[in-house]
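# Coordinate analysis (summary)
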Amino acid sequence: MSLDCLFSRSRHFAGKRLHLGICGSVACYRLTDVLRALRLMDVHVSVTLTAGARQFVTPLLFEALGAMPVYGEMFAPGEDPFAHLEPGQHAQAMLVAPASADALSRLAQGAASDMLSAQALAFEGPLLLAPAMNPRMWRHPATQANVATLRERGARLILPDCGRAACGDEGQGRLAPVEELFWHALRALSPQDMAGRRVLVTLGPTREPWDGVRYWSNPSSGQMGGALALAAWLRGAEVTAVCGPGCPALPSEIRRTEVLTARDMFAAAAEVWPDMHLGCFTAAVADFSPEPYGPDKFKKEGAQDGFSVRFLTNPDILATLSARRLPGQKTLGFAAETAPDMEALMALARAKRARKDADLLAGNRVNGEGSGFGSPTNSMAVTDRNGHEEIWPQQAKSDVAWELLSWLLRL
Ligand code: C5P
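Residues numbered from 1 in each chain as written. Predicted model: local features only at pLDDT ≥ 70, side-chain atom pairs only at ≥ 80, totals over all residues. Heavy atoms only, no water.

To continue, consider the sheet that holds strand 4 (residues 93-99). Read from one edge to the other, the open sheet built from six strands follows the order 3-2-1-4-5-6, with strand pairing classed as parallel. In the strand order of this sheet, the two ends are held by strand 3 (70-71) and strand 6 (156-157), each with one partner. When strand 1 (residues 17-22) meets strand 2 (residues 44-49), the two strands line up parallel, connected through six bridges. By the bridge assignment, Leu18 is partnered in strand 2 with Val45. In the packing of helix 9 (residues 178-188) onto the sheet, the strands contacted are strand 1, strand 4, strand 5 (127-131) and strand 6, and the crossing angle to strand 5 comes to about 170 degrees. (Pairing = 2+ DSSP bridges. Helix = DSSP H or I, 4+ residues; strand = E, 2+ residues; numbered from the N terminus. Contact = heavy atoms within 4.5 Å. Axes fitted to C-alpha atoms, helices over the stretch in contact; angles between N-to-C directions.)

What follows is the structure in structure tokens.
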């Protein structure tokens, strides 16, 4: 599985340090994906393999993928005598995944009898635990009590998934998806400067049905809105995402509503808007919908010389919800334009911001190289309600999202 998604090109994590504790579980090979994704972003990752983990995977595998160092036994020859203290001195976050029932027990007890427990005991930063075990072991009151103790002390749990375990038993116990581990690791390395904020994001295209089999839409991939939703969540916000069809996967902690049409998107966004602090209206909403032909398929036999379809105007979500702003609420809009250059794009963005009364408006060129629909990067012309304007060269959508949120927070 590839983790080349949404945030893998972000430059905000370069030089950050994560310690990864890996326990003995069939799922431990899946951490190689997380390690690779973090290394691609230049996150420094150190690893501890418990004795159990070393039965499944070797230190060499993680070293070859860029982990440095890979710790083993506490009193092994050649091991630094203070290795059990090092993650506590250098790492900004620690992720234990897969966290076995035994590891949870040792961590809850405050044991220091092996390298991983000792390192966790000497670690004062955010501790993430992603348990994986047999479903009966997971639901045992002893395990649940250990989890409750660890939670009380501030550890964050990435809960196991339900399904069929390697042993064949069904139930909760499978390691959470690697994307969740990756996102939670990034969150633990992010500033929590949006904690306490509620953020609405609309994203993706809308799909306006015409007859029983055809619809009107556009090629939006939802990447820009996905990057905004993810960036806000990474920075501690509570995020509601109203997604058109085909949008990217997002952390399960993000409240996600799936819609098809512009009218459904409007209804879903309007319902939650009064409760929000920030609204990011990133969706490529269809401005018009074809007047419905009906539930049956339109037959081409009757239309040899072509035919006309009447289009009806859809509500403008950004303009309507900007007009309904409560004190303190702020809106961010986008403008996908076919402008000849960035100056022309800025003029269009400026006019659109004023017309829709958004606090901030980000224009991007859909005809530019490395910009617009489906591209992982964007070049932007950004303008705010105070007349402040900036042109940003091509950068990853995740970085665009990060900067736009910082700008909204400053407004
Ligand atoms: O007018 P235009 O479609 O170019 O405006 C783009 C901006 O307005 C985007 O932020 C888009 O999400 C928002 N919009 C909307 N509802 C519409 C049309 C656009 O929220 N019906």
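This is not the end of the story, as more comes after the structure.
On to the packing of helix 1 (residues 31-40) against helix 9. Between helix 1 and helix 9, the least distance of the axes is 9 Å, while the angle of their chain directions is 40 degrees. Accordingly, the angle class assigned to the pair helix 1 and helix 9 is oblique. In the crossing of helix 1 with helix 9, the sense of the turn from one axis to the other is right-handed. Residues Leu31, Val34, Ala37 and Leu38 of helix 1 form the contact with helix 9, whose participating residues are Val178, Leu181, Phe182 and Leu186. Per-class residue counts for the contact of helix 1 with helix 9 are eight nonpolar, no polar and no charged. (Parallel < 35°, antiparallel > 145°, perpendicular 65-115°, else oblique. Left-handed = near helix turned anticlockwise from the far one by under 90°. Nonpolar A, V, L, I, M, F, W, Y, C, P; charged D, E, K, R; others polar.)

Along its 12 residues, helix 8 (residues 141-152) runs 16 Å from first to last C-alpha, staying within 8% of the 16 Å computed at 1.5 Å per residue. Taken as a whole, helix 8 has its buried residues at Thr143, Asn146, Val147 and Leu150. Buried residues in helix 8, looked at end-on, bunch into an arc of 100 degrees, giving them a common side. Residues Pro141 and Glu152 are exposed on helix 8 and point more than 90 degrees away from its buried face. Elements that come into contact with the buried residues of helix 8 comprise helix 5 (101-109), strand 5, helix 7 (135-139) and strand 6. (Expected span 1.5 Å × (residues − 1). Buried < 20%, exposed > 50% of the residue type's maximum accessible area, 1.4 Å probe, protein only. Arc of directions from axis to C-beta.)

The subject of this paragraph is the site of the ligand. The environment of the ligand is made up of 13 residues, and the closest members are Phe281, Ala283, Phe334, Lys352 and Lys356. Interatomic distance of 2.9 Å between a backbone N/O atom of Pro315 and a nitrogen atom of the ligand. Take Lys352: an N or O atom from its side chain is 2.3 Å from an oxygen atom of the ligand. In isolation the ligand has 450 Å² of accessible area, and contact with the protein removes 88% of it. Comparing atom positions with the cavity grids shows the ligand to sit within the largest pocket. Looking at the shell around the ligand, the elements with two or more residues in it are helix 12 (317-323), strand 17 (330-337) and helix 13 (342-356). Of the residues belonging to the shell around the ligand, the class tally is seven nonpolar, two polar and four charged. (Near = heavy atom within 4 Å. Polar contact = N/O pair within 3.5 Å; in protein donor to acceptor, adjacent residues only side chain to side chain. Areas by Shrake-Rupley, 256 points an atom, 1.4 Å probe, with all protein chains shown as cover. 1 Å grid on protein atoms, 1.4 Å probe; cavity = no way out; pocket = protein on both sides within 12 Å on 5 of 7 lines; lining within 4 Å. Sits in = over half its atoms within 2 Å of the grid points.)

Everything listed here is a matter of coordinates, which is why it stays silent on function.
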